[in-house]
Amino acid sequence: RAKQQGKDNFQLYAPEMNKKALEQLVLANHLYKALNRDEFLLHYQPQLNLKTGQIVALEALIRWQHPELGLVSPNQFIPLAEETGLIGAIGEWVLQAACTQNRAWQLAGLPPMRIAVNLSARQFQQKISKTIARVLAETGLDPSYLEVEITESIAMHDVNFTICVLQELQDMGVYIAMDDFGTGYSSLATLRRFPLHTLKVAREFVNDITTDQKDAAIIKSIVALGHGLELNVIAEGVETPEQLKFLHAVKCDGMQGYLFSKPLSANAVTQFCQQQSGSGIAQSLFSQKLE
Ligand code: C2E
Ligand code: MG
Ligand code: MG
Ligand code: MG
């Protein structure tokens, strides 16, 4: 009987179906079409070196310009892209777009900066160094101006495999950052085996550094650990001058956060960087905030 009803069959069960699951299904269908419809775009958030006040990198952050929903944040569709396998194609689009943009900025005479790209678990498992080598060759970007960000959970999934892939990337000259550091469960013994350049301290720890002694202690330990392993330590999610002051005092190497800049469109980055190099705004802003 259910079969006879055909389409109605779906309606029969729909009320019992998890509404969320249904929404996910619709979204997955839209996501599938989004690449061909050119609905993805990148925003870029500057990373500041705390010693020099220079912008050293830009993190590429994907957004989805959905025709009805408006600008959709990556937290709402990256997990879905991962589940459905679409992340492979989306991730490669991100790499292409980010490297192309960074090359264009260099050709336009902006001060050279690295472009940081977030990798997802599945992407990391699928011959990522080959893909990256190809994208670099196609876009003409020097490998030392690309940085990849992976999380602890990606790295810890298969430690020997991770070391192998990271080594390939490092040999190519690509920079490697451990994102959201401190929220995962990598052991120190394992951490030291990964060829890395940067630890990005998770926003969760940065939030309360000026009010919570324990968070302050954690940041200090991560900076000491990072420096002991000859890594750069960057704090994410820096929102207040007090946090910046603290980070500077404990010799954290860099920062990224709304205090300095929100993620910007490509055009806004061009303007932002031209202003910076023109009048040294970064330096003055930087010294102002430390006073
Ligand atoms: P993430 O890599 O840890 O990126 C940092 C996130 O923190 C970004 O959110 C950024 O906009 C936000 N943020 C930066 N500064 C501040 C601040 O001062 N305060 C607060 N409250 N937030 C700040 P966004 O752009 O929504 O991205 C969320 C996550 O989505 C990223 O976290 C990353 O895990 C993932 N993601 C973004 N783009 C991509 C991508 O191209 N590929 C993959 N696989 N994942 C991506
Ligand atoms: Mg990141
Ligand atoms: Mg992060
Ligand atoms: Mg994150």
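Residues numbered from 1 in each chain as written. Chains lettered and ligands numbered in written order. Predicted model: local features only at pLDDT ≥ 70, side-chain atom pairs only at ≥ 80, totals over all residues. Heavy atoms only, no water.

### Overview of the site of ligand 1
Alright, step 1. Taken together, 23 residues form the shell around ligand 1, and within it R63, D179, R203, E239 and Y258 come nearest.
Alright, step 2. Residue E59 places a side-chain N or O atom 3.0 Å away from an oxygen atom belonging to ligand 1.
Alright, step 3. Within the side chain of R203, an N or O atom sits 2.7 Å from an oxygen atom of ligand 1.
Alright, step 4. Taken together, the elements giving at least two residues each to the shell around ligand 1 come down to strand 2 (55–66), helix 4 (74–84) and strand 6 (175–181). (Near = heavy atom within 4 Å. Polar contact = N/O pair within 3.5 Å; in protein donor to acceptor, adjacent residues only side chain to side chain. Helix = DSSP H or I, 4+ residues; strand = E, 2+ residues; numbered from the N terminus.)

### Remarks on the coordination of the magnesium ion (ligand 2)
Alright, step 1. Taken together, E59 (OE), N118 (OD1), E149 (OE) and D179 (OD) make up the full set of protein donors to the magnesium ion (ligand 2), lying 2.0 to 2.2 Å away.
Alright, step 2. Between consecutive donor residues of the magnesium ion (ligand 2), the sequence gaps follow E-x58-N-x30-E-x29-D.
Alright, step 3. Taken as a pair, the magnesium ion (ligand 2) and the magnesium ion (ligand 3) show a spacing of 3.9 Å, with D179 coordinating each metal. Of this pair, E149 sits in strand 5 (residues 146–151) while D179 sits in strand 6, and the two are 30 residues apart along the sequence.
Alright, step 4. Looking at E149, the relative accessible area reads 1%, which means it is buried.
Alright, step 5. Given a relative accessible area of 7%, D179 falls into the buried group. (Donors = N, O, S within 2.8 Å, 3.2 Å for Na, K, Ca; no water. Buried < 20%, exposed > 50% of the residue type's maximum accessible area, 1.4 Å probe, protein only.)

### Concerning the pairing of strand 5
Alright, step 1. When you tally the buried positions in strand 5, you get five out of six residues, the bulk of the element.
Alright, step 2. Here strand 4 (residues 114–118) runs beside strand 5; their pairing, made up of four bridges, is parallel. For A116, the partnering residue across the bridge sits in strand 5 and is E147.
Alright, step 3. The sheet contact formed by strand 5 and strand 6 spans five bridges and is parallel. Looking at the pairing, E149 lines up with A177 of strand 6. (Pairing = 2+ DSSP bridges.)

### Let's talk about the packing of aromatic side chains
Alright, step 1. Counted by the stated rule, this structure contains seven aromatic pairs.
Alright, step 2. For the pair Y44 and W105, a centre-to-centre distance of 5.0 Å together with 75° between the ring planes defines the contact as edge-to-face. With Y44 in strand 1 (residues 40–49) and W105 in helix 5 (residues 87–107), this pair connects stretches of sequence that are 61 residues apart.
Alright, step 3. Aromatic rings pair up to connect F40, W64, F77 and W93 into one cluster.
Alright, step 4. Seen from the ring of Y258, K262 lies directly overhead, with NZ or CZ sitting 4.6 Å from the centre. (Phe/Tyr/Trp six-rings, centres within 6.5 Å; stacked < 30°, edge-to-face > 60°. Lys NZ or Arg CZ within 6 Å of the ring centre and 35° of its normal.)

### Some points on the packing of helix 5 against helix 7 (residues 128–139)
Alright, step 1. Two numbers describe how helix 5 lies on helix 7: the axes approach to 9 Å, and their chain directions differ by 35°. Like other packed secondary-structure pairs, helix 5 and helix 7 cross with a definite hand, here right-handed. Seen from helix 5, the contacting residues are E92, L95, Q96, C99, T100 and R103; seen from helix 7, they are I128, T131, I132, R134, V135, L136, E138 and T139.
Alright, step 2. For the contact of helix 5 with helix 7, the class distribution of residues is six nonpolar, four polar and four charged. (Axes fitted to C-alpha atoms, helices over the stretch in contact; angles between N-to-C directions. Left-handed = near helix turned anticlockwise from the far one by under 90°. Contact = heavy atoms within 4.5 Å. Nonpolar A, V, L, I, M, F, W, Y, C, P; charged D, E, K, R; others polar.)

### Notes on the coordination of the magnesium ion (ligand 3)
Alright, step 1. Summarising the metal site, the magnesium ion (ligand 3) is bound by the protein donors D179 (OD), D180 (OD), E236 (OE) and E236 (OE), whose distances to it range over 2.2 to 2.4 Å.
Alright, step 2. Mapped onto the sequence, the residues coordinating the magnesium ion (ligand 3) show the spacing D-D-x55-E.

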